[in-house]
Amino acid sequence: MRFGTLDFTPAADSPDLLAAPTAVAIGAMPAADAAGVLVSAIDPGLADTAAFCAHHEISMGDGANCVIVQARRGERTWYAACLVRGADRLDVNGAVRRHLDARKLSFAPMDAAVELSAMEYGGITPIGLPADWPVLVDESVASHERLIVGSGIRGSKLLVSGALLASLPNAEVLPIAQASA
């Protein structure tokens, strides 16, 4: 399938284009769901959303960023993944903090996000994240027909439906985005 200037093929057929936990998660999906996860190799230097979209003629609104946040309350620290469309900003200190019932919420440090997810920075995807992490999916992501997301590595991207993202384990659909000005 062609999307923008990229040709996508079934991700299950290309585990070398996926982070190990992403490949495992796709392999564990029901066959119909796994068939809806497509992958395309990209230049790792173009993995960041703006550069990727401009180069491959894909709207920022057709991409979803997976943002890892670190939540704290008292002595407890935990992580969550948040999915917002590329054209939107995450409401970290409002909707997300309240939903996670965190006293303090921040973007996860890069080294912690990479180590705990077993994925590459700039390629982290909600598919294959640790089982105890909440996955907060913005309403506009969940309702989008086709979205580009990371694959767990910087050298490829996934093409998936918003419905698939909303059906991931621990996924919750809520309004967590702020439209960019």
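Conventions used here
- Here the residue numbers are simple positions, counted from 1 along each chain's written sequence.
- Local features in this predicted model are restricted to residues of pLDDT 70 or higher, and side-chain atom pairs are both shown and tallied only at a pLDDT of 80 or more, whereas totals for entire chains, interfaces and linings draw on every residue.
- To get the side-chain values, all heavy atoms of the structure are used, and hydrogens and water are removed first.
- Nonpolar cores were defined as sets of buried Ala, Val, Leu, Ile, Met, Phe, Trp, Tyr and Cys residues, with membership established by side-chain atoms within 4.5 Å.
- Buried means the residue's accessible area, taken with a 1.4 Å probe over protein chains only, is under 20% of the maximum for its type, while exposed means over 50%, and partly exposed covers the values in between.
- Helix numbers and strand numbers start at the N terminus; a helix is a DSSP run of H or I with at least 4 residues, a strand a run of E with at least 2.
- Note on pairing: two strands pair once DSSP finds at least 2 bridges between them.
- Lines are fitted to the C-alpha atoms to define the axes, a helix being fitted only along its stretch in contact, and any angle between axes, read from their N-to-C directions, falls within 0 to 180 degrees.
- Two N or O atoms form a polar contact when they lie within 3.5 Å of each other; inside protein one atom must be a possible hydrogen donor and the other a possible acceptor, and for residues adjacent in sequence the pair counts only when both atoms belong to side chains.
- Our arc is simply the arc of the directions from the helix axis toward the C-beta atoms.
- Any two residues having at least one pair of non-hydrogen atoms within 4.5 Å are treated as being in contact.
- Using protein atoms alone on a 1 Å grid, points that fit a 1.4 Å probe yet trap it form a cavity, whereas open point sets bounded by protein on both sides within 12 Å along at least five of seven lines form a pocket; residues with an atom within 4 Å of a point count as lining.
- Grid points are joined across faces, edges and corners, and a volume is the space filled by probe spheres set on the points.
- Charged residues are taken to be Asp, Glu, Lys and Arg, nonpolar residues to be Ala, Val, Leu, Ile, Met, Phe, Trp, Tyr, Cys and Pro, and polar residues to be all remaining types, Gly included.

Student: Can you tell me about the nonpolar core, naming the residues and giving the values?
Tutor: Ile68 and Leu158 are the most contacted members of the largest nonpolar core, which has 35 residues in total. Within the residue set of this core, elements represented by two or more residues are β5 (64-73), β6 (76-85), α5 (110-117), β9 (135-138), α6 (139-142), β10 (147-150), β11 (156-160) and α7 (162-166). Judged by nonpolar contacts, the second largest core, of 17 residues, contains Val67, Cys82, Leu90 and Val96.

Student: So what's going on with the sheet that holds strand β12 (residues 171-174)? Residues and values would help.
Tutor: If you trace the five strands from one edge of the open sheet to the other, you get β8-β5-β6-β9-β12, paired in mixed fashion. Only two strands of the sheet have a single partner each, and these edge strands are β8 (104-107) and β12. Going from strand to strand, the sheet's axes swing by 30° on average, the running direction of each strand aside.

Student: So what's going on with the environment of Gln70? Residues and values would help.
Tutor: Mapped onto the secondary structure, Gln70 falls in strand β5. Gln70 sits in the buried class, given a relative accessible area of 8%. Taking the C-alpha atoms as reference points, Gln70 and Asp13, 57 residues apart in sequence, are found 33 Å from one another. A polar side-chain atom of Gln70 sits 2.8 Å from a polar atom in the side chain of Tyr79.

Student: Can you lay out α5 for me, pointing to particular residues and giving the numbers?
Tutor: Listed as buried for α5 are Ala112, Ala113 and Ser117. Summarising the axial view, the buried residues of α5 lie within an arc of 105°, below the 170-degree limit, and thus occupy one face. Facing away from the buried side of α5 by over 90 degrees, the exposed positions are Asp111 and Glu115. Buried positions along α5 lie against α1 (20-28), β5 and β6. A positive backbone phi angle near 60° is found at Ala118, which sits one or two residues after α5.

Student: Quick rundown of the layout of surface pockets? Include the residues and the values.
Tutor: Its boundaries defined by the atoms lining it, the largest pocket holds a volume of some 510 Å³. Forming the boundary of the largest pocket are 26 residues, of which Thr49, Asn65, Cys66, Val67 and Gly122 lie nearest the centre. Broken down by element, the lining of the largest pocket gets its largest block of residues, five residues, from β5. Tallied by class, the residues present in the lining of the largest pocket amount to 18 nonpolar, six polar and two charged.

Student: Could you give me a rundown of the sheet that holds strand β4 (residues 38-41), with the residues and numbers involved?
Tutor: Spatial strand order, β3-β4-β11-β10: four strands in an open sheet with antiparallel pairing. In the strand order of this sheet, the two ends are held by β3 (9-10) and β10, each with one partner. Pairing analysis gives two bridges linking β3 to β4, with the strands arranged antiparallel. Bridge pairing in β4 places Thr9 opposite Val39.

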